[in-house]
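Tertiary structure, described
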Amino acid sequence: IKRLMREIAVAEGTRVKTAMDPEFVEDIKRKHKVDHVTTIFTDPRLPTDDCSTYTLRHQDMNHLADKPDKRHNLQKNFYSEYVEALAKQKGLMGDKTKGA
């Protein structure tokens, strides 16, 4: 009885046919097939394809650089901290005689 009711409803157009047509099933199977032949002839995806031009052109060369030569830098000694503090204080004090 339910099958007869369903057939009448489909024939009248009040219900959509839910059973799969063989043509529809074949169409879905055709769409879901994987085409491996075209993947053979496509270019492979390389890691550089995801990099920007900046990253490719400006390589990081820090590992090739030597340590900086500090032979001629200021050597710390007993008076160096005192002299630095004195220079800093003199800059902070300014000229007190002017502007009074």
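1. Things to note about the overall build of the protein chain
When its secondary structure is counted, the protein chain shows five helices and zero strands. Listing each helix as α and each strand as β along the protein chain from the N terminus yields α-α-α-α-α. Expressed along its principal axes, the backbone C-alpha trace of the protein chain runs to roughly 110 × 50 × 25 Å. By residue count, 2% of the 100 residues in the protein chain fall in the buried class. In the structure as shown, the protein chain presents an accessible area of about 10800 Å², 58% of it carried by carbon and sulfur atoms.

2. Observations concerning a nonpolar patch on the surface
Together, Phe78, Tyr79, Tyr82, Val83 and Leu86 make up a nonpolar patch on the protein surface, roughly 640 Å² of accessible area in all. Within the fold, Tyr82 resides in helix α5 (residues 80-93).

3. Here we look at the confidence of the model for the protein chain
Summary statistics for the protein chain give a mean pLDDT of 81 and a share of 90% for residues scoring 70 or more. Ranking the helices and strands of the protein chain by mean pLDDT puts helix α4 (residues 53-57) first, with 88, and helix α3 (residues 36-40) last, with 79.

4. Comments concerning the packing of aromatic side chains
Taken as a whole, this structure holds one aromatic pair when the rule is applied. Here Phe78 and Tyr79 contribute two aromatic rings whose centre-to-centre distance is 4.9 Å and whose plane-to-plane angle is 80°, an arrangement assigned as edge-to-face. Like Tyr79, Phe78 is exposed.

5. Quick look at α5
Owing to its 3.6 residues per turn, the α-helix aligns residues three or four sequence positions apart on the same side. Between the first and last C-alpha of α5 there are 20 Å, a value that for 14 residues agrees with the 20 Å anticipated at 1.5 Å per step. Here α5 lies mainly on the outside; one of its 14 residues are buried. Immediately downstream of α5, the backbone of Gly94 shows phi near 70°, a positive value.

About the cut-offs
Residues numbered from 1 in each chain as written. Predicted model: local features only at pLDDT ≥ 70, side-chain atom pairs only at ≥ 80, totals over all residues. Heavy atoms only, no water. Helix = DSSP H or I, 4+ residues; strand = E, 2+ residues; numbered from the N terminus. Buried < 20%, exposed > 50% of the residue type's maximum accessible area, 1.4 Å probe, protein only. Areas by Shrake-Rupley, 256 points an atom, 1.4 Å probe, with all protein chains shown as cover. Patch = residues over 30% accessible without salt bridge, like charges linked within 9 Å, V, L, I, M, F, W, Y side chains within 5 Å. Salt bridge = Lys/Arg side-chain N within 4 Å of Asp/Glu carboxyl O. pLDDT = per-residue confidence, 0-100. Phe/Tyr/Trp six-rings, centres within 6.5 Å; stacked < 30°, edge-to-face > 60°. Expected span 1.5 Å × (residues − 1).

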